[in-house]
Amino acid sequence: MNKRIGILTSGGDCPGLNAIIRAVVKCSSQKGWEVYGIPYGTDGFLRLEQHKCHSNDLKLKEHGYDIPGLLHGIDILQFLSGSILGSLSKGNTEDQAIAKTIIQGYQDLELDALIAVGGDGSLDIIYDLAQQGQWNLVAIPKTIDNDVPFTERSVGFDTAVDKVTSALYDLTFTAASHDRTMIVQVMGRNAGHLALSSGIAGGADIILIPELTPKIDLDLVTNICIHIAKLRSLGRKFALITIAEGVKNIQGEKEKYIGDYLAQQIDNISHQLCLTDKAEFCDLDTIETRATVLGHIQRSGTPSSYDRLLAAAFAKKAIDLIAEEKYNQLVVWQNGEVQIQPLDKVVSHIKQRHQLGICPSPVNADGFLVQTARSLGIYLG
Ligand code: F6P
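Residues numbered from 1 in each chain as written. Predicted model: local features only at pLDDT ≥ 70, side-chain atom pairs only at ≥ 80, totals over all residues. Heavy atoms only, no water.

**Observations regarding the overall build of the protein chain**
Logical step 1: A tally of regular secondary structure across the protein chain gives 11 helices and 11 strands.
Logical step 2: Here the protein chain has a C-alpha radius of gyration of 23 Å; the compact-globule value for 381 residues is 21 Å, and the two agree.
Logical step 3: On the principal axes, the C-alpha backbone points of the protein chain span a range of 80 × 50 × 40 Å.
Logical step 4: Relative to its full complement of 381 residues, the protein chain shows a buried share of 53%.
Logical step 5: Partitioning the intrachain contacts of the protein chain with sequence separation of at least 6 by distance along the chain shows that 74% fall at a separation of at least 24.
Logical step 6: Total accessible area computed for the protein chain in this model is approximately 16700 Å², and 49% of it derives from carbon and sulfur atoms.
Logical step 7: Here the protein chain contributes 35 positive and 44 negative side-chain charges, whose respective centroids are spaced 2 Å apart. (Helix = DSSP H or I, 4+ residues; strand = E, 2+ residues; numbered from the N terminus. Rg over C-alpha atoms; globule rule 2.2 N^0.38 Å. Buried < 20%, exposed > 50% of the residue type's maximum accessible area, 1.4 Å probe, protein only. Contact = heavy atoms within 4.5 Å. Areas by Shrake-Rupley, 256 points an atom, 1.4 Å probe, with all protein chains shown as cover. Lys, Arg positive; Asp, Glu negative; His and termini not counted. Charge placed at Lys NZ, Arg CZ, Asp CG, Glu CD.)

Have a look at this one:
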């Protein structure tokens with residue numbers, strides 16, 4: 001049966017969103033289905049009403065994405081980061097009148113189903129709208145933070161790990177040339193997945209993530225200085241530190257530039273340790289620290305092959321679910337393959353965690369990656 005399906009991308013962008021859109025369009029056209037791209041997340045349904053937009057304007061086709069003379073057709077999308085549909089970090093769905101118009105937008109487009117590509121925050125909001133409007137919803141997880149529960153991987157994470165790893169590689173040479181301690185502040189919101197994975201892959205000496213070091217206190221900074229002193233005594237004069245943005249200051253508050261904050265703390269404590277005149281700390285006064293905030297560069301770039309593969313596999317599964325009319329599911333990556341999880345379970349987990357102010361899917365403090373880091377001699381606090 002011919003179907004009309006909608007797709008939207010919601011929340012912060014990440015590499016691989018366009019690869020998902022491409023794969024959804026390709027899998028759908030094999031079945032003769034039509035795909036409609038909803039611009040700027042659920043806000044697109046509002047704008048339809050405001051701009052009296054015709055549904056044909058939203059139709060996504062296999063053709064019409066050309067770089068003349070170079071590339072033809074929708075395949076170009078797999079290489080581009082961002083989202084051709086646009087995305088919104090903060091929608092306004094608490095206002096009941098707005099929510100009603102959004103819900104109506106789905107009906108006006110006469111959609112048979114909607115694929116929502118989002119992270120934990122978006123899934124929470126979109127699932128509520130879908131319940132109210134009786135939408136046929138299937139969701140695909142995406143985020144560089146990798147903190148969507150019940151999936152080992154979300155689209156975008158792998159590319160972000162590559163980005164940070166490559167920055168660590170680049171910083172190694174300038175750090176080594178000046179015997180400096182380089183601190184790299186990494187995104188991830190309240191989760192440490194990105195800092196941990198890229199720290200291990202990029203050769204960090206110290207990795208600080210909120211799951212293991214919720215805040216920077218004096219003991220932690222002292223131990224960091226001792227670790228750096230040990231490295232220096234072994235002839236390793238530079239050091240690389242990755243710090244997740246979710247790590248808090250000594251008062252337990254968020255700092256916009258937690259990397260800079262840590263640099264100042266290391267400067268202070270290393271100076272004080274040096275004044276103790278203990279032989280092993282004598283060298284510490286010469287430590288020079290520099291902090292780098294990688295920022296939104298981590299959300300850019302050509303999606304990695306792994307993210308493109310995940311995008312294709314998730315899209316295929318989402319289309320299968322719609323063909324079976326099995327809705328309210330999140331497609332997930334578990335034990336090396338695509339599986340599904342009911343959205344009511346996923347969203348109630350997310351809501352519960354958000355209410356407690358904790359990350360919905362943190363790094364496992366006893367997990368294999370943490371053990372790996374420790375086995376490599378990386379200091380984790
Ligand atoms: O959730 C993705 C993410 O990039 C986080 O890692 C980061 O804290 C946040 O979004 C940044 O949000 P914004 O793009 O709104 O500054």
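Still to come is the rest of the account.
**Some points on the domain arrangement of the protein chain**
Logical step 1: Domain parsing of the protein chain yields domain 1 (4-156 + 303-356) and domain 2 (160-299).
Logical step 2: Summarising the inter-unit geometry, the C-alpha centres of domain 1 and domain 2 are found 37 Å apart.
Logical step 3: Across the boundary between the two partners, domain 1 contributes 11 residues, which contact 10 residues of domain 2.
Logical step 4: Between domain 1 and domain 2, roughly 800 Å² of surface is buried when both sides are summed, and carbon and sulfur atoms account for 50% of that area.
Logical step 5: The largest per-residue losses of area from domain 1 upon contact with domain 2 belong to Asp13, Ile144 and Asp145, which jointly make up 57% of the total buried on that side.
Logical step 6: Our enumeration of links across domain 1 and domain 2 arrives at 2 salt bridges. (Domains from an automatic or database assignment. Buried area = accessible area lost by both parts, 1.4 Å probe. Salt bridge = Lys/Arg side-chain N within 4 Å of Asp/Glu carboxyl O.)

**A closer look at the sheet that holds strand 1 (residues 4-9)**
Logical step 1: Strand order in this open sheet of 7 strands is 3-2-1-4-5-10-11, and the pairing throughout is mixed. Here the strands that pair on one side only, and so sit at the sheet edges, are strand 3 (59-60) and strand 11 (337-342).
Logical step 2: Note: strand 1 against strand 2 (residues 34-37), 4 bridges, orientation parallel. Looking across to strand 2, one finds that Arg4 is bridged to Glu34.
Logical step 3: Along the sheet, helix 1 (residues 17-31) contacts strand 1, strand 2, strand 3, strand 4 (113-118) and strand 5 (137-141); its crossing angle with strand 1, the most-contacted strand, is approximately 175°.
Logical step 4: Helix 10 (residues 343-355) rests against strand 5, strand 10 (329-334) and strand 11 of the sheet, and its axis sits at about 75° to strand 11. (Pairing = 2+ DSSP bridges. Axes fitted to C-alpha atoms, helices over the stretch in contact; angles between N-to-C directions.)

**Description of helix 10**
Logical step 1: Here helix 10 contains 13 residues, and its C-alpha end-to-end distance of 18 Å stays within 8% of the 18 Å for a straight helix at 1.5 Å per residue.
Logical step 2: All of the buried residues along helix 10 are Leu343, Val346, Val347, His349 and Ile350. Buried residues of helix 10, seen end-on, are gathered within an arc of 155° and therefore sit on one face of the element.
Logical step 3: Those residues of helix 10 hidden inside the fold are in contact with helix 4 (120-133), strand 5, strand 10 and strand 11.
Logical step 4: With its phi angle positive at about 70°, Gly357 sits one or two positions after the end of helix 10. (Expected span 1.5 Å × (residues − 1). Arc of directions from axis to C-beta.)

**A look at unusual backbone geometry**
Logical step 1: A positive phi is found at Asp179, a non-glycine position, where the angle reads about 50°.
Logical step 2: Residue position: Asp179 is located in the loop between helix 5 (157-178) and strand 6 (180-186).
Logical step 3: Residue Asp179 is classed as partly exposed on the basis of its relative accessible area of 34%.
Logical step 4: Here the phi dihedral of Asn335 falls at roughly 50°; this positive angle occurs in a residue that is not glycine.
Logical step 5: On the basis of relative accessibility, which here comes to 66%, the residue Asn335 falls in the exposed class.

**Brief notes about the pairing of strand 2**
Each regular strand carries side chains that alternate between the two faces of the sheet.
Logical step 1: In the classification by handedness, the crossover that spans strand 1, the intervening helix 1 and the parallel strand 2 is right-handed.
Logical step 2: Here strand 2 runs beside strand 3; their pairing, made up of 2 bridges, is antiparallel. Looking at the pairing, Tyr36 lines up with Lys59 of strand 3. (Right-handed = clockwise from strand over helix to strand, strands pointing away.)

**Quick look at the packing of aromatic side chains**
Logical step 1: Evaluation of the coordinates by the stated rule reveals 4 aromatic pairs.
Logical step 2: Relative to Trp135, the ring of Phe45 has its centre 5.4 Å away and its plane inclined at 55°; by these criteria the two rings are tilted. In this pair, Phe45 is assigned in helix 2 (residues 43-51) and Trp135 in the loop between helix 4 and strand 5, connecting sequence segments 90 residues apart. With respect to class, Phe45 is no different from Trp135; both count as buried.
Logical step 3: Relative to Trp135, the ring of Tyr106 lies with its centre 5.1 Å away and its plane at 15°, an arrangement referred to as stacked. (Phe/Tyr/Trp six-rings, centres within 6.5 Å; stacked < 30°, edge-to-face > 60°.)

**As for the layout of surface pockets**
Logical step 1: Here the largest pocket is characterised by a volume of approximately 770 Å³.
Logical step 2: Lining of the largest pocket is provided by 36 residues; of these, Gly11, Gly12, Ser89, Gly121 and Arg189 occupy positions nearest its centre.
Logical step 3: The greatest single-element share of the lining of the largest pocket, amounting to 6 residues, is contributed by helix 4.
Logical step 4: Each of two domains, domain 1 (4-156 + 303-356) and domain 2 (160-299), supplies a minimum of three residues to the lining of the largest pocket.
Logical step 5: Computed from the structure, the second largest pocket encloses a volume of approximately 410 Å³.
Logical step 6: Forming the boundary of the second largest pocket are 18 residues, of which Asn146, Glu152, His193, Ser197 and Leu369 lie nearest the centre.
Logical step 7: Mapped by element, the contributors of at least two residues to the lining of the second largest pocket are helix 5, helix 6 (193-201) and helix 11 (368-375).
Logical step 8: Here the lining of the second largest pocket takes 4 residues from helix 6, the largest share from any one element. (1 Å grid on protein atoms, 1.4 Å probe; cavity = no way out; pocket = protein on both sides within 12 Å on 5 of 7 lines; lining within 4 Å. Points joined across faces, edges and corners; volume = space filled by probe spheres on them.)

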